[in-house]
Amino acid sequence: MKIDRGLLGTLAVAALGAACASAGGTGAGGGGPRVSVPVPTVACSTGPLATSPSADSAAANLTLIATVADSAQRVQYTLARAQAGRAIAAGQASAYGYYLAGQAAIGLADYADADSLFRRSVELCPELGEYDVNRLRRGTASLSLERGGALIQSGDTTAAAAAYQTALNLDPNSYPAEFYLGLVSFNRQNTEEAVRRWRRVLQVIDALPADSSAEVMANRAETRGNTLNALVLASAQHLNRQQSAEAAALLADLTRWLPNSPDAWYNYALALNNLQRYTDLVPVAQRATEISPLSYGAWVLYYNAYAGQSQAATAAGNTAQAGELGRQARQISSRSEALPVQLESFNIDVEGENTLIRGVAVGAGPTAPVQVEFTLHGSSGELGRGTVTITPPARQEQTPFELTIPNSAPVLGVTYRVAGS
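Chemist: Break down the nonpolar core for me, with residues and values.
Modeler: Counting 112 residues, the largest nonpolar core has W198, L343, V372, F374 and F401 as its most contacted members. Here this core gets nine residues from one element, more than from any other, and that element is helix 4 (residues 95–107). If we ignore the near neighbours within four places in the chain, the residues touching L343 are L294, S295, V360, A361, V372, F374, I390, F401 and Y416.

Chemist: Could you give an account of the environment of G91, with specific residues and numbers?
Modeler: In this structure, G91 sits in the loop between helix 3 (70–90) and helix 4. Sequence-wise, G91 and S52 are 39 residues apart; in three dimensions their C-alpha atoms are separated by 9.2 Å.

Chemist: Describe the side chain of N260, and please don't skip the residues or the numbers.
Modeler: Take N260: it is sitting in the loop between helix 11 (244–257) and helix 12 (262–274). Judged by relative accessible area, which is 17%, N260 ranks as buried. Within the local environment of N260, its side chain forms a polar contact with the side chain of R287, the two groups lying 3.1 Å apart. Setting aside residues no more than four positions away along its own chain, N260 makes contact with W265, R287, I291, H377, G413, V414 and T415.

Chemist: Tell me what's going on with the packing of helix 10 (residues 214–240) against helix 11, and back it up with residues and numbers.
Modeler: Viewed as axis vectors pointing N to C, helix 10 and helix 11 meet at an angle of 155 degrees, and their least axial separation amounts to 8 Å. When the axes of helix 10 and helix 11 are compared, the pair comes out roughly antiparallel. The interaxial crossing formed by helix 10 with helix 11 has left-handed handedness. Contact residues: helix 10 offers L228, L231, V232, A234, S235, H238 and L239, while helix 11 offers S244, E246, A247, L250, L251, L254 and W257. Residues that form the contact of helix 10 with helix 11 fall into these classes: ten nonpolar, three polar and one charged.

Chemist: Describe the state of the cysteines, with residues and values.
Modeler: This structure, assessed with the given rule, holds one disulfide. The residue that forms a disulfide with C44 is C125, at a sulfur-sulfur distance of 2.0 Å. In this structure, the disulfide formed by C44 and C125 twists by about -90 degrees around the S-S bond and is classed as left-handed. With C44 in the loop between helix 1 (11–15) and helix 2 (53–63) and C125 in the loop between helix 5 (111–124) and helix 6 (127–154), the pair connects residues that are 81 residues apart, well separated along the chain. Residue C44 shares its accessibility class with C125, and that shared class is buried.

Chemist: Describe in detail the packing of aromatic side chains, supporting the description with residues and values.
Modeler: Following the criterion strictly, the structure yields ten aromatic pairs and no others. Considering the side-chain rings of F179 and Y180, the 5.5 Å spacing of their centres and the 85 degrees angle between planes classify their relative orientation as edge-to-face. Pair check on accessibility: F179 and Y180 agree, each one buried. Taken together, the aromatic side chains of Y164, F179, Y180, F186 and W198 make up a single cluster linked through ring pairs.

Chemist: Give a detailed account of the sheet that holds strand 2 (residues 354–363), specifying residues and quantitative values.
Modeler: Taken together, three strands build an open sheet; the order of strands is 1-2-5 and the sheet is antiparallel. Looking at strand neighbours, the two that pair on one side only are strand 1 (341–351) and strand 5 (398–406), the edges of this open sheet. Taken pair by pair, the neighbouring strands of this sheet meet at an average axis angle of 20 degrees, ignoring direction. Pairing of strand 2 with strand 5, which is carried by nine bridges, proceeds in the antiparallel orientation.

Chemist: Could you give an account of the pattern of salt bridges, with specific residues and numbers?
Modeler: Under the counting rule described, the total for this entry stands at 21 salt bridges. Across the salt bridge formed by R358 and E402, the nearest N and O atoms sit 3.7 Å from each other. Pair noted here: R358 is in strand 2 and E402 is in strand 5, with a separation of 44 residues, a long-range link. Here the residues in one salt-bridge network are E178, E193, R196, R197 and R200, joined through shared partners.

Chemist: I'd love a proper account of the environment of T78, names of residues and values included.
Modeler: With respect to the secondary-structure elements, T78 resides in helix 3. On the accessibility criterion, T78 (41% relative accessible area) is partly exposed.

Rules and cut-offs
Residues numbered from 1 in each chain as written. Predicted model: local features only at pLDDT ≥ 70, side-chain atom pairs only at ≥ 80, totals over all residues. Heavy atoms only, no water. Core = buried A, V, L, I, M, F, W, Y, C linked by side-chain atoms within 4.5 Å. Buried < 20%, exposed > 50% of the residue type's maximum accessible area, 1.4 Å probe, protein only. Helix = DSSP H or I, 4+ residues; strand = E, 2+ residues; numbered from the N terminus. Contact = heavy atoms within 4.5 Å. Polar contact = N/O pair within 3.5 Å; in protein donor to acceptor, adjacent residues only side chain to side chain. Axes fitted to C-alpha atoms, helices over the stretch in contact; angles between N-to-C directions. Parallel < 35°, antiparallel > 145°, perpendicular 65-115°, else oblique. Left-handed = near helix turned anticlockwise from the far one by under 90°. Nonpolar A, V, L, I, M, F, W, Y, C, P; charged D, E, K, R; others polar. Disulfide = S-S within 2.5 Å. Phe/Tyr/Trp six-rings, centres within 6.5 Å; stacked < 30°, edge-to-face > 60°. Pairing = 2+ DSSP bridges. Salt bridge = Lys/Arg side-chain N within 4 Å of Asp/Glu carboxyl O.

So, in structure tokens, the structure goes:
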């Protein structure tokens, strides 16, 4: 999944040099150049933005960061952080001190510290938020997000989760951080937490205003698609944990958002079947067979929808209704037994401008070649079509198939039909 690179930037230098110092500042270190940087022109509603000699020194050191060698910058940031800390200690209501300390913490890559410091600066002077802190927080969130990605790659999911949470604390709209926190929860089998976080990803993306950057909008669309598909996997995890009620509640939404997802409809049908909600199962299982007409499992669930109702009618003494429901169940069973081949599952891989569909066909008796036309669906409609010829193997034997379909947008569903049917 692509991450919104529009959030990233050369924060450590550019941000720190922006309006972040005081009048009459002292030089950085003994004989170094003397720097005087004006105090930010912010009219705090809680009182004047006060400075101090320690704050002046911190501001000067931050301003001079760009003039020192890379190897010396950490020392400079450490000194600035200590000086800003002394400014804070000298006057606990020092919004300016917290503001400077937060910027030094960014340079030291202590993003959690920066979060708490910036929060305090805005508590003491709310106007600092719009002036600069909000921008700094968003940039710091992106840095913490990148740290989380590196930690995930190294296998340290605990530290990665902490980094992602810090990113989210800094920027509540950091939907990539929310997504990855959901992924960590999913991998830990905490399905409820994963679902909560992934639902929020959708809420955040849908509430964001349109951006003039095509890349940003494309990244949002890709993340949204990945999140919806991840929620389908979460529904399967619910089912594997015998949580059919939770799966059904989630899938009621997913089948609206993903009307062409075979996995979503099949999982929904399976959840309703497990709950013996046979009346509700009828339209869901029917839709599952419509978009996956060669799925024997979907046809079995469709059969169960009527057979289950027939049994209930028999138990209630309603013989006529039981007979009619039984007749419909037998019709569905006959159709399932007449399938020319069975396609129970297939995988979708996006490779550049192409989507690769790989699956396994199971022999159902007939051996005549079958042409199957697949259609890719996205958020705004059909993305592309392709046809593959499958030669069915002997009954219950398996044969692989694959198909490549060009497309340039996130895939949110795949339907297919037997050509000529």
